[in-house]
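Coordinate analysis (summary)
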Amino acid sequence: MSQGGGTPAGSNAAALQAAGGGVVFSKVFIQRDYSVGTSVKFHTRLPTELEGIIERHVFESTINRLNEFYAEAEEGSCGTYCEGCIGCITAYLIYMCSETHYEKTLRKISKFVASQNERIYHQKGLQLIDPTFRGLRVIEITIFDRPGRT
């Protein structure tokens, strides 16, 4: 865990500070799980810094859903292979007009993270940062100091 620092552009830190007077005081990083290979998968174990702030099952549900999204993004299917062939045939110019399956899934992940922040994490004084902001290396969770919380 590291102290201080800001959050990526597009995050909702200012709204949290205005609503609850929160000040960023620490960050927790959820590391990648390389036990089953190099596919994007994160550890589901609740960090000790978050115990008592968020329920274990809620945290694990969020991380498991993110892992499912990344598995879906990396899944090879007839459609993704055809997408690659069409890209090759068109000298990859097709990608100027359409998104890849992976890009579409990353967009779904960003929407999921935003909805989880609105529904769960902001209410608990936390902010989940989209893993793409950290190069898919870690999931960053920012803990905001709230008056009355020890």
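Treat the numbers as computed from the prediction; the structure is a model and nothing was measured.

1. Details of the confidence of the model for the chain
- Chain-level pLDDT for the chain is 85 on average; 81% of the residues reach the 70-or-more range.
- Confidence drops under a pLDDT of 50 for residues 1-10, and excluding neighbours within four residues, the segment shows 24 contacts in the predicted structure.

2. Some details on the pairing of strand S3 (residues 126-129)
- Side chains Leu126 and Leu128 project from S3 onto one buried face, and the interleaved Gln127 and Ile129 project onto a second face that is buried too.
- Bridge count for S3 against strand S4 (residues 138-145) is four bridges, and the pairing is antiparallel. Within S4, the residue paired with Leu126 across the bridge is Ile143.

3. Remarks on the pattern of salt bridges
- Taken as a whole, this structure holds seven salt bridges when the rule is applied.
- One salt bridge connects Arg65 with Glu68, and the closest N-O pair in it is separated by 2.9 Å. With Arg65 and Glu68 both in helix H2 (residues 56-74), this residue pair falls three residues apart, about one helical turn.
- When the shortest N-O distance is used, the salt bridge between Arg107 and Glu99 registers 2.1 Å.
- Assessed through its relative accessible area of 33%, Glu99 is described here as partly exposed.

4. A look at the packing of aromatic side chains
- Under the defined criterion, the tally for this structure stands at three aromatic pairs.
- Here the guanidinium or amino end of Arg65 rests over the ring plane of Phe69, the centre of that ring lying 4.0 Å away.

5. Observations regarding the state of the cysteines
- Counted by the stated rule, this structure contains zero disulfides.
- Residue Cys85 stays outside any disulfide, its sulfur separated by 6.3 Å from that of Cys82, the closest cysteine.
- Taking relative accessible area as the criterion, Cys85 reaches 47% and is therefore assigned partly exposed.
- Just so you know, Cys88 is unpaired, no disulfide at all, and the nearest cysteine sulfur is the one on Cys85, 7.3 Å from it.

6. Considerations on the side chain of Thr142
- On the secondary structure map, Thr142 appears in strand S4.
- With a relative accessible area of 0%, Thr142 lands in the buried category.
- A polar side-chain atom of Thr142 sits 3.4 Å from a polar atom in the side chain of Glu140.

Definitions and cut-offs
- Residues numbered from 1 in each chain as written.
- Predicted model: local features only at pLDDT ≥ 70, side-chain atom pairs only at ≥ 80, totals over all residues.
- Heavy atoms only, no water.
- pLDDT = per-residue confidence, 0-100.
- Contact = heavy atoms within 4.5 Å.
- Buried < 20%, exposed > 50% of the residue type's maximum accessible area, 1.4 Å probe, protein only.
- Helix = DSSP H or I, 4+ residues; strand = E, 2+ residues; numbered from the N terminus.
- Pairing = 2+ DSSP bridges.
- Salt bridge = Lys/Arg side-chain N within 4 Å of Asp/Glu carboxyl O.
- Phe/Tyr/Trp six-rings, centres within 6.5 Å; stacked < 30°, edge-to-face > 60°.
- Lys NZ or Arg CZ within 6 Å of the ring centre and 35° of its normal.
- Disulfide = S-S within 2.5 Å.
- Polar contact = N/O pair within 3.5 Å; in protein donor to acceptor, adjacent residues only side chain to side chain.

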